[in-house]
Amino acid sequence: MTNADAPFLRACRREQTAFTPVWLMRQAGRYLPEYRALRARYDFLTLCKTPEAAAEVTLQPIERLGVDAAILFADILLVLEPLGVGLEFTRGEGPHIARPVRSADDVARLAPVDVPSSVGFVFETVRRARKALAERVPLIGFAGAPFTLASYLIEGGASREFLLTKRFMRAEPAAWHALMARLAGITVEYLDGQIDAGAQAVQLFDSWVGTLSPSDYREFVLPHSRAVLSRLAPGVPAIHFGTGTAALLELMKEAGGDVLGLDWRVNLGPTWDRLGADVAVQGNLDPAVLLAPVAEIRRAARAILEGAARRPGHIFNLGHGVHQETPVDHVRALVDMVHEMSAR
Ligand code: CP3
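The notes below deal with the structure included here. In this text the structure is predicted, and so the values were computed from the model without any measurement.

Some words on the site of the ligand
Arg 30, Tyr 35, Asp 75, Ser 207 and His 320 are the nearest of the 23 residues found near the ligand. Between the ligand and Ala 28 there is a distance of 3.1 Å, counted from an oxygen atom to a backbone nitrogen or oxygen. For the ligand, an oxygen atom lies 2.6 Å from a polar atom in the side chain of Arg 30. In the complex, the protein chains occlude 89% of the 860 Å² of accessible area that the ligand would expose alone. With respect to the detected pockets, the ligand is housed in the largest pocket. Elements that contribute at least two residues to the shell around the ligand include exactly helix H2 (33–39) and strand S3 (94–97). Along the lines of polarity and charge, the residues of the shell around the ligand split into 15 nonpolar, four polar and four charged.

The following block contains the structure:
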């Protein structure tokens, strides 16, 4: 079972493709009626822990949207639960950590984690999804990057300013680096487990790292993201993604990854010029554009393809995840128009 020549994997390797491959962050999720139907039967964590159902969710968008890759249905926060911090997903409010990490003692008290036994359900989902996909499209695994995981552990949930995280980083630098190193170690095992189970590429989500200055990124984050990206099984492309990262992209490239994820706050063409031809790029339509009429979606998608200018190594994606309010037929129209406009 190999589809090593699939357009998505070729683009990760910066090889020429017959059209620009497309996949979308959060292509499975609440905007899809078939996802909502499954969610009516399982709460979110139970759905993630039920491999048969999670594999079904992974496959839901494939036929319906015509995308060129599947992304595992799971969550970046699942690896935090075995640390014993009390992870919950509350309806409408998102993730909540009952016992957040606020001191060096809290870091020392985190439970040891045996990755294969504590998140083995994710690996089982990967095996099932890969088998069901057969040769159709490659399967992407994923994990949270150490900074984004640490921010949830410290803040206890979503945050705007990340004040507790930034305070901890500076007030307790030794504990910060110890925490980041632990998260990096767990993340390497978590991603390697997904790769062993059949994931053909992985994405490292550093969704909130754009809150940091470049010098703080270099000192407090880069060594740990690099530890993850440099220790992954070779031969499996890694996508390194964050939002609000215009000032950090060179440093993120230095940290590693075969593909850099761009959000919509940068112009793709000049940004790729700046980063150099030795890295592939993924992006970068504003997901909010998908709420606009199809003619507007086409205009915005064309501008991104023009920025990429047929350079090998562009993967079309959104700058962040599909919003819940998005009409499904707009998403399908986007995938089709990118394929059509980019075909050689
Ligand atoms: O289709 C896919 O992209 C795969 C599935 C996926 C989910 N979460 C499912 C999910 C992926 C790749 C993630 C990653 C993730 N999870 C990130 C990084 C990407 C990003 O969005 O920046 C983050 C920060 C999380 C943490 C998380 N999980 C939050 C903040 C939330 C609540 C926000 C929300 O949209 O409700 C979740 C819940 C979550 N993860 C849902 C899904 C489909 C919605 C849960 C539901 O069904 O009620």
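Thoughts on helix H14 (residues 294–308)
Helix length check: H14 (15 residues) gives 21 Å between terminal C-alpha atoms against 21 Å at 1.5 Å per residue, within 8%. Of the surrounding secondary structure, the elements contacted by the buried residues of H14 are helix H13 (268–275), strand S8 (280–285), strand S9 (314–318) and helix H15 (328–342).

Looking at the sheet that holds strand S7 (residues 259–261)
Pairing within the open sheet is parallel, and its seven strands lie in the order S1-S4-S5-S6-S7-S8-S9. Each end of this open sheet is capped by a strand with a single partner; those strands are strand S1 (70–71) and S9. Two strands pair when backbone bridges link them, and strand S5 (residues 201–206) and strand S6 (residues 238–242) are joined in this way by five bridges, in the parallel orientation. Across the sheet, the residue bridging to Asp 206 is Gly 242, located in S6.

Some points on the layout of surface pockets
Remark: the empty space left among the atoms is shown by a probe the size of a water molecule rolled over them. Roughly 1500 Å³ of internal volume is contained in the largest pocket. Surrounding the largest pocket, 44 residues form its lining, Arg 26, Arg 30, Phe 44, Asp 75 and Phe 89 being those nearest its centre. Contributing elements (two or more residues each) for the lining of the largest pocket: H2, helix H3 (44–48), strand S2 (87–90), S3 and helix H8 (146–155).

Concerning the packing of helix H4 (residues 51–65) against helix H7 (residues 120–133)
Following both chains from N to C, one finds H4 and H7 inclined at 45°, their axes separated by 8 Å at the closest point. In this view, H4 runs oblique relative to H7, as classed from their interaxial angle. The way H4 lies across H7 gives a crossing that is right-handed. For the pair H4 and H7, contact is made by Pro 51, Glu 52, Ala 54, Ala 55, Thr 58, Leu 59 and Ile 62 and by Phe 121, Glu 124, Thr 125, Arg 128, Ala 129, Ala 132 and Leu 133, respectively.

A short note on unusual backbone geometry
Leave glycine aside and you will find that most residues have negative phi; peptide bonds, for their part, are mostly trans. Put simply, Gly 283 and Asn 284 share a cis peptide bond, and its omega is -10°. Here Asn 284 is to be found in strand S8. In this model, Arg 26 sits at a positive phi of 60°, which is unusual for a non-glycine residue. Following the sequence through the fold, Arg 26 ends up in the loop between helix H1 (7–12) and H2. Note on Arg 26: relative accessible area 53%, which makes it exposed. Look at Arg 310: it is not a glycine, yet its phi comes out positive at around 60°. With respect to the helices and strands, Arg 310 occurs in the loop between H14 and S9.

A look at the pattern of salt bridges
Pairs can form between side chains of opposite charge once their charged atoms are near each other. Counted under the stated rule, the structure contains 20 salt bridges. Ionic pairing is found between Asp 5 and Arg 10, a salt bridge with its closest N-O pair at 3.8 Å. A relative accessible area of 56% means that Asp 5 is categorised as exposed. Residue classification places Arg 10 among the partly exposed positions, given a relative accessible area of 24%. Residue Arg 13 pairs with Asp 5 through a salt bridge whose shortest N-O separation is 3.7 Å.

Basis of the calculations
Residues numbered from 1 in each chain as written. Predicted model: local features only at pLDDT ≥ 70, side-chain atom pairs only at ≥ 80, totals over all residues. Heavy atoms only, no water. Near = heavy atom within 4 Å. Polar contact = N/O pair within 3.5 Å; in protein donor to acceptor, adjacent residues only side chain to side chain. Areas by Shrake-Rupley, 256 points an atom, 1.4 Å probe, with all protein chains shown as cover. 1 Å grid on protein atoms, 1.4 Å probe; cavity = no way out; pocket = protein on both sides within 12 Å on 5 of 7 lines; lining within 4 Å. Sits in = over half its atoms within 2 Å of the grid points. Helix = DSSP H or I, 4+ residues; strand = E, 2+ residues; numbered from the N terminus. Nonpolar A, V, L, I, M, F, W, Y, C, P; charged D, E, K, R; others polar. Expected span 1.5 Å × (residues − 1). Contact = heavy atoms within 4.5 Å. Pairing = 2+ DSSP bridges. Points joined across faces, edges and corners; volume = space filled by probe spheres on them. Axes fitted to C-alpha atoms, helices over the stretch in contact; angles between N-to-C directions. Parallel < 35°, antiparallel > 145°, perpendicular 65-115°, else oblique. Left-handed = near helix turned anticlockwise from the far one by under 90°. Buried < 20%, exposed > 50% of the residue type's maximum accessible area, 1.4 Å probe, protein only. Salt bridge = Lys/Arg side-chain N within 4 Å of Asp/Glu carboxyl O.

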